[in-house]
Amino acid sequence: MSSLKTENLSVQFGAVKPVDDVSVEIAAGRLTSIIGPNGAGKTSFFNLLTGLYQPTRGKVFFDGQDVTRMPVHQKVRAGLTRTFQILNVFDTLTVEENIRAAVQRRHGRSAYLFCAPDRHGPVEDELSAVIERVRLQEKRKVRACDLSHGHRRHLEIGLSLATRPKTLLLDEPMSGLGMYESSVMGEFVRELAQELTVVLVEHHMSVVLSISDTILVLSQGRLLASGTPAEIQASPLVQAAYLGTGRYDLPQERAAHA
Ligand SMILES: Nc1ncnc2c1ncn2[C@@H]1O[C@H](COP(=O)(O)OP(=O)(O)OP(=O)(O)O)[C@@H](O)[C@H]1O
Ligand SMILES: [Mg+2]
């Protein structure tokens, strides 16, 4: 069964076509990665899926329902949530306060953010579960601005998990992270995919190749290829799309088979 499906999805701004006639199915309960050179249309594709951009043509289906024109907040309520390429947390709030605000918003209690919390209520239980889920128990009282970049990324994912998504879209969660932090994030994303449908946009090819079930390749707004990591590595089309960009690290021993 597919979680997300697009039919001829396109968006155009003047002469620019960030996404051009993309038809794909994203399987439920799997980890699907979207790769492609800078400017390929990956973030724009997420913007179309989540409702930030309105398509000029084509359709988006979520859990079999046509959600093409559904506003962002309704999609979130239906279980489709995303993180942003640029970090999106409240710097001056602690980990706990950031996640509490997100949990309370889902409970329809945003006005109570600065009131004394009920330590035994459902919000507090859920808050603790999310903090544990994103492995930030020891950073609970630390302000977001004092976290390492890696921990801030975990916090951002926590804010998304607080919306109880069925499908989570992650836009470059490894951006700005070193090799070690990226592989930790990769393991974490793989773990999330045991419980949720995960769609990952990422440039760290070695991590993408090792954790993904399926990879979609975008180039100049169009779907260039889709397949298993092995199929994508072996694709001459994909190799050609990456040549000269200097940003990709297709492992040499694997690239040799392409
Ligand atoms: N609202 C917009 N108006 C005009 N052009 C846009 C708009 N949104 C995206 N684009 C253009 O569409 C193209 C694709 O951009 P997009 O951000 O989707 O690429 P990307 O694959 O996410 O790139 P990166 O890997 O650098 O994040 C770019 O040329 C961008 O400038
Ligand atoms: Mg992008």
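Further up the page is the structure itself.
Computed from a predicted model, the values in this text were never measured in an experiment.

Now for the pattern of salt bridges. Side chains carrying opposite charge are able to pair once their charged atoms draw close together. Scanning all chains against the criterion turns up 19 salt bridges. In this structure, K166 engages D63 in a salt bridge whose closest nitrogen and oxygen atoms are separated by 2.8 Å. Of this pair, K166 sits in the loop between α5 (149-161) and β7 (167-171) while D63 sits in the loop between β4 (57-62) and β5 (65-66), and the two are 103 residues apart along the sequence. Using a relative accessible area of 31% as the deciding quantity, one classes D63 as partly exposed. Overlapping salt bridges, with partners in common, bring together E96, R100, E124, R140 and K141 in one network.

Turning next to the sheet that holds strand β1 (residues 2-13). Spatially, β2-β1-β4-β5 is the arrangement adopted by the 4 strands of the open sheet, whose pairing is antiparallel. In the strand order of this sheet, the two ends are held by β2 (16-27) and β5, each with one partner. Across 2 bridges, β4 lies against β5 in antiparallel orientation. Each residue of the ladder has a partner; that of F62, found in β5, is Q65. Helix α1 (residues 42-50) contacts β1, β2 and β4 of the sheet and is inclined by roughly 115 degrees relative to β1.

Strand order in this open sheet of 6 strands is β6-β7-β8-β3-β9-β10, and the pairing throughout is mixed. The open sheet has two edge strands, β6 (80-82) and β10 (222-227), and neither has a second partner. The sheet shows a mean angle of 20 degrees between the axes of neighbouring strands, taken without regard to direction. Examined bridge by bridge, strand β9 (residues 214-219) and β10 share 5 bridges and lie antiparallel to one another. Bridging across to β10, I215 finds its partner in G227. Contacting β3 (31-35), β6, β7, β8 (197-201) and β9, α1 runs over the sheet at an angle of about 150 degrees to β7. Most of the contacts of helix α6 (residues 179-192) go to β8, to which it runs at about 150 degrees, and overall it touches β3, β7 and β8.

The environment of ligand 1 is made up of 15 residues, and the closest members are G39, K42, S44, Y53 and H203. In this structure, an oxygen atom belonging to ligand 1 sits 3.0 Å away from a side-chain N or O atom of N38. At 2.9 Å, a backbone N or O of G41 approaches an oxygen atom of ligand 1. Within the complex, the protein chains bury 64% of what would otherwise be the 630 Å² of accessible surface of ligand 1. Of all the secondary-structure elements, those providing two or more residues to the shell around ligand 1 are β2 and α1. For the shell around ligand 1, the element with the most residues is α1, which contributes 3 residues. Grouping the constituent residues of the shell around ligand 1 by class yields 6 nonpolar, 7 polar and 2 charged.

Calculation criteria
- All residue numbers refer to positions counted from 1 along the written sequence of the respective chain.
- In the order they appear in the text, chains get letters beginning with A and ligands get numbers beginning with 1.
- A pLDDT threshold of at least 70 governs which residues receive local features in this predicted model, and a stricter bar of 80 or more applies before side-chain atom pairs are shown or counted, although totals over entire chains, interfaces and linings include all residues.
- Values reported for side chains reflect all heavy atoms of the structure, with hydrogen atoms and water molecules removed beforehand.
- Basic side-chain nitrogens of Lys or Arg form a salt bridge, by our definition, when they fall within 4 Å of a carboxyl oxygen of Asp or Glu.
- A run of DSSP states H or I qualifies as a helix once it reaches four residues; a run of E qualifies as a strand once it reaches two. Both are numbered from the N-terminal end.
- Burial status follows relative accessibility: with a 1.4 Å probe on protein chains alone, a residue under 20% of its type maximum counts as buried, one over 50% as exposed, and anything between as partly exposed.
- Pairing between strands is defined by DSSP: at least two bridges between the two strands are required.
- A contact between two residues is defined here by any heavy atoms of the two lying within 4.5 Å.
- Helix axes are fitted only over the stretch in contact, all axes being lines through C-alpha atoms; the angle between N-to-C directions runs from 0 to 180 degrees.
- The cutoff for a nearby residue is simple: one of its non-hydrogen atoms must lie within 4 Å of the molecule or strand.
- Contacts described as polar in this section are N or O atom pairs within 3.5 Å, which, within protein, must combine one atom able to donate a hydrogen with one able to accept it, while residues neighboring in sequence count only if both atoms come from side chains.
- The accessible surface values rely on the Shrake-Rupley method and a 1.4 Å probe; as for residues, cover is taken only from the protein chains in view.
- In this classification, Asp, Glu, Lys and Arg are treated as charged, Ala, Val, Leu, Ile, Met, Phe, Trp, Tyr, Cys and Pro as nonpolar, and every other residue, Gly included, as polar.

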